[in-house]
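What follows is the residue order along each chain.
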Amino acid sequence: MEERILLSEKEIPQQWYNVQADLLKPMAPPLNPGTNQPIKPEELYPIFPKGLVAQEMSQERWIDIPDEVLEVYRLWRPSPLCRARRLEKALGTKAQIWYKNESVSAAGSHKPNTAIAQAYYNKIEGVKRLSTETGAGQWGSALSLACQFFGMKCTVYMVKVSFQQKPYRRIMMETWGAEVHASPTNLTDSGKKILAEFPDSPGSLGIAISEAVEDAAKHEDTNYSLGSVLNHVCLHQSVVGLEAKKQMKLAGIYPDIIIGCVGGGSNFAGICFPFVPDKLAGKPLRFVAVEPKVCPSLTRGKFAYDFGDTVGLTPLLKMFTLGHKFVPPPVHAGGLRYHGMAPLVSFLAAEGMIEPRAYQQKEVFDAALLFARTEGIIPAPETGHAIKAAIDEAKAASGEKVILVNFSGHGHFDLASYDAYLNGKMVELELSEEALKKSMGEVK
Ligand SMILES: Cc1ncc(COP(=O)(O)O)c(C=O)c1O
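Residues numbered from 1 in each chain as written. Predicted model: local features only at pLDDT ≥ 70, side-chain atom pairs only at ≥ 80, totals over all residues.

## A look at the overall build of the protein
Stated precisely, the cut-off is as follows: Each helix corresponds to a stretch of at least 4 residues labelled H or I by DSSP, and each strand to a stretch of at least 2 residues labelled E; elements are numbered beginning at the N terminus. Each residue is classified by how many other C-beta atoms fall within 10 Å of its C-beta atom, where C-beta atoms are placed from the backbone; a count of 20 or more means buried, 12 or fewer means exposed, and values in between mean partly exposed.
When its secondary structure is counted, the protein shows 19 helices and 15 strands. For the protein, the spread of C-alpha atoms along the principal axes amounts to about 55 × 50 × 45 Å. The 444 residues of the protein split such that 57% are buried.

Here's what the structure looks like:
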């Protein structure tokens, strides 16, 4: 049996899959925080292009991928689907572990799947600059690359703790022409507000989003771009699951369990959503979403309306949230340090379609190291969460279960965290009950 399923570039999906078309009941709409009424498309036009707003609200099942986007996708798509045979052997499991390798993009993760699309839709509407946040630096790199390809400027607000831990990610973004700031900054009112209250703030994705949204709202030629959470981001990521489905069919297999790590939920959505119709039709398929114990939005958060950012500039989204003022402890998986969860992922989790799970960072690195030593590729710390769950599922499986895991990114710029782990310097961070209670108290 083949163990590395490659598709030709002709097999890149020509349409994205929109799971909204297949939901059994309507999702709660985003609300205008001023009026508490469903947000109208035109209210989003100051920061997003019309093309993306239309996708955000679309109920169409299939949306054509523009040729200009496909042309860039062809640089690394279709990505390989690989069997982790050596990992299976090390575990002594009968289960099959397959990983969809999204680390093969130039930026090193799944993030360019949406960055390219977002840059394109902004470009055709005459936008000159995009502002964004980044946690681990993966999203910022992806958008810097995309802006470079489409001849636009890019400003990245990078969470301070990651900015300090990952200078090479910053340099990568600068190489692709972006301007990068350690957030919170003194450049925006949002940043100044946080710094006045917490001068030593390590930053968070929620804070960086506030800064980037404010930057876009204040500049006519600038739009904001979000790397996760929103419906159109989950839509663009569906290329991952659509390809994986084709590849598994070629290999003559079908997954019993699909696993992804969740920060804002986009890579998980990307691999799972194209399989949702099968599950609704009765296939005994499990979706496992994995998060850090110190940022447990799905496992311990509330399903409620909350802001997507810390300062409260975004529409209210119905999602699992830890409270928009929650600042997660600085775990190495910076891309998973987000207080909320994609409304689409949240909705399916609330419906019982998704099994959430949380791990501590050391057990995640145990798993990531085993993967690196058996399969060779060094996982990003975020991806390590999914690998840990895949290993646990393989160990627990009786018989030949087929596990599909999204390998969301490599960890080549996360080696300082591997250094800490290998040298016994990695501390197990705890989430204080008090901090959680306080931030959750703000969620209605
Ligand atoms: C490699 C990698 N995986 C996963 C994530 C989490 O994001 P999402 O939940 O949107 O896929 C990130 C975010 O930065 C990432 O860099």
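What follows continues from the structure just given.
## Details of the sheet that holds strand β6 (residues 129–134)
Heads up, the condition is: Here, any two strands with at least 2 DSSP bridges between them count as paired. Axis lines are fitted through C-alpha atoms, for helices just across the contact stretch, and the angle between N-to-C directions can take any value from 0 to 180 degrees.
Read from one edge to the other, the open sheet built from four strands follows the order β8-β7-β6-β9, with strand pairing classed as parallel. Here the strands that pair on one side only, and so sit at the sheet edges, are β8 (179–183) and β9 (222–224). Neighbour-to-neighbour, the strand axes of the sheet open up by a mean angle of 25°, direction not taken into account. With five bridges joining them, strand β7 (residues 153–159) and β8 adopt parallel strand pairing.

## Here's the deal with the pairing of strand β15 (residues 402–407)
For β15, a buried count of five out of six residues is recorded, marking the element as mostly surrounded by other parts of the structure. Taken together, the six bridges between strand β5 (residues 96–101) and β15 define a ladder with parallel strand orientation. Each residue of the ladder has a partner; that of Trp 98, found in β15, is Leu 404. Where strand β10 (residues 257–261) and β15 come together, three bridges link them in parallel fashion. Of the residues in β15, the one forming a bridge with Ile 257 is Ile 403.

## Overview of the site of the ligand
Quick note on the threshold: A molecule or strand has a residue near it when that residue's C-beta atom, placed from backbone coordinates, lies within 6 Å of it. Following the grouping adopted for this structure description, the nonpolar residues are Ala, Val, Leu, Ile, Met, Phe, Trp, Tyr, Cys and Pro, the charged ones are Asp, Glu, Lys and Arg, and the polar ones are all others, Gly among them.
Residues in contact with the ligand amount to 21 residues; listed here are only the nearest, Gln 138, Ser 228, Gly 263, Gly 335 and Gly 409. Counting only elements with at least two residues in the shell around the ligand, the list comes to α6 (138–149), α12 (266–272) and α17 (381–396). If you tally residues by element for the shell around the ligand, the top one is α12, at three residues. Split by residue class, the shell around the ligand holds seven nonpolar, 13 polar and one charged.

## A short note on the environment of Leu 31
Going by this rule: Note that contacts rest on C-beta atoms placed from the backbone: two residues are in contact if these are within 7 Å.
Following the sequence through the fold, Leu 31 ends up in the loop between β2 (15–17) and α1 (41–44). Since 16 C-beta atoms lie within 10 Å of it, Leu 31 is described here as partly exposed. Apart from residues lying up to four places away in sequence, Leu 31 is in contact with Asn 36, Gln 37, Pro 38, Ile 39, Tyr 305, Pro 315 and Leu 316.

## Observations regarding the domain arrangement of the protein
Where we set the bar: Domain segmentation is taken from an automatic or database assignment of domains.
Here the protein is partitioned into domain 1 (16–65 + 110–224) and domain 2 (77–108 + 237–441). At the interface, 41 residues of domain 1 touch 48 residues of domain 2. With seven residues, the top contributor of residues to the side of domain 1 that touches domain 2 is helix α10 (residues 205–218). Its residues placed into classes, the side of domain 1 that touches domain 2 shows 21 nonpolar, 14 polar and six charged.

## A look at the packing of helix α16 (residues 361–375) against α17
Put simply, the rule reads: Here is the rule for angles: anything less than 35 degrees is roughly parallel, anything more than 145 is roughly antiparallel, 65 through 115 is roughly perpendicular, and the remaining ranges are oblique.
Their axes nearest at 8 Å, the elements α16 and α17 cross at an angle of 85°. When the axis of α16 is compared with that of α17, the two are roughly perpendicular. For the pair α16 and α17, the contacting residues are Glu 363, Val 364, Phe 365, Ala 367, Ala 368, Leu 370 and Phe 371 in the first and Pro 381, Gly 384, His 385, Ile 387, Lys 388 and Ile 391 in the second.

## Some points on the sheet that holds strand β14 (residues 354–359)
With respect to topology, seven strands assemble into an open sheet ordered β1-β4-β5-β15-β10-β11-β14, the strand pairing being mixed. The sheet terminates laterally at β1 (4–5) and β14, the two strands that pair on one side only.

## Structural notes on the packing of helix α2 (residues 50–57) against helix α11 (residues 231–251)
What describes two packed helices is the angle between their axes and the distance between those same axes. Relative orientation of the contacting elements α2 and α11 amounts to 85°, with a least axis distance of 8 Å. Considered as vectors, α2 and α11 are oriented roughly perpendicular to each other. Across the interface between the two elements, Leu 52, Gln 55 and Glu 56 of α2 pack against Asn 231, His 232 and Leu 235 of α11. The residue inventory of the contact of α2 with α11, partitioned by class, reads two nonpolar, three polar and one charged.

## Quick look at the confidence of the model for the protein
The line we're drawing: Confidence of the predictor at the level of single residues is captured by pLDDT, which takes values from 0 to 100.
With 100% of its residues at a pLDDT of 70 or more, the protein shows a mean pLDDT of 96. Least confident of the elements in the protein is helix α7 (residues 160–165), whose mean pLDDT is 88; most confident is β2, at 99.

## Some words on the environment of Val 294
With respect to the helices and strands, Val 294 occurs in the loop between β11 (286–292) and α14 (297–300). A C-alpha to C-alpha distance of 8.9 Å links Val 294 and Gln 361, two positions 67 residues apart in sequence. Excluding residues within four positions of it along the chain, Val 294 makes contact with Pro 328, Pro 329, Val 331, Leu 429 and Leu 431.

## Some details on α6
Helical geometry note: an α-helix holds 3.6 residues per turn, so side chains three or four residues apart project in the same direction. Filter applied, for reference: Expected span, for any helix, means 1.5 Å times one less than how many residues it has.
Here α6 spans 17 Å end to end across 12 residues, near enough to the 16 Å set by a 1.5 Å rise per residue. Restricting attention to buried positions, one finds in α6 the residues Gln 138, Trp 139, Gly 140, Ser 141, Ala 142, Leu 143, Ser 144, Leu 145, Ala 146, Cys 147 and Phe 149. Buried residues in α6 make contact with α3 (67–73), α5 (112–124), β6, β7, α8 (167–175) and β8. Looking one or two residues past α6, Gly 151 carries a phi angle of roughly 65°, positive in sign.

## Brief notes about the pairing of β7
Here is the rule we go by: A clockwise course of the path from the first strand over the helix to the second, judged with the strands pointing away from the viewer, identifies a crossover as right-handed.
Extensive coverage of β7 is indicated by the burial of six of its seven residues. Sheet analysis places β6 next to β7, joined by six bridges and oriented parallel. Across the sheet, residue Glu 133 finds its bridge partner in β7, namely Tyr 157. Between the parallel elements β6 and β7, the chain passes through α6 in a crossover that is right-handed.

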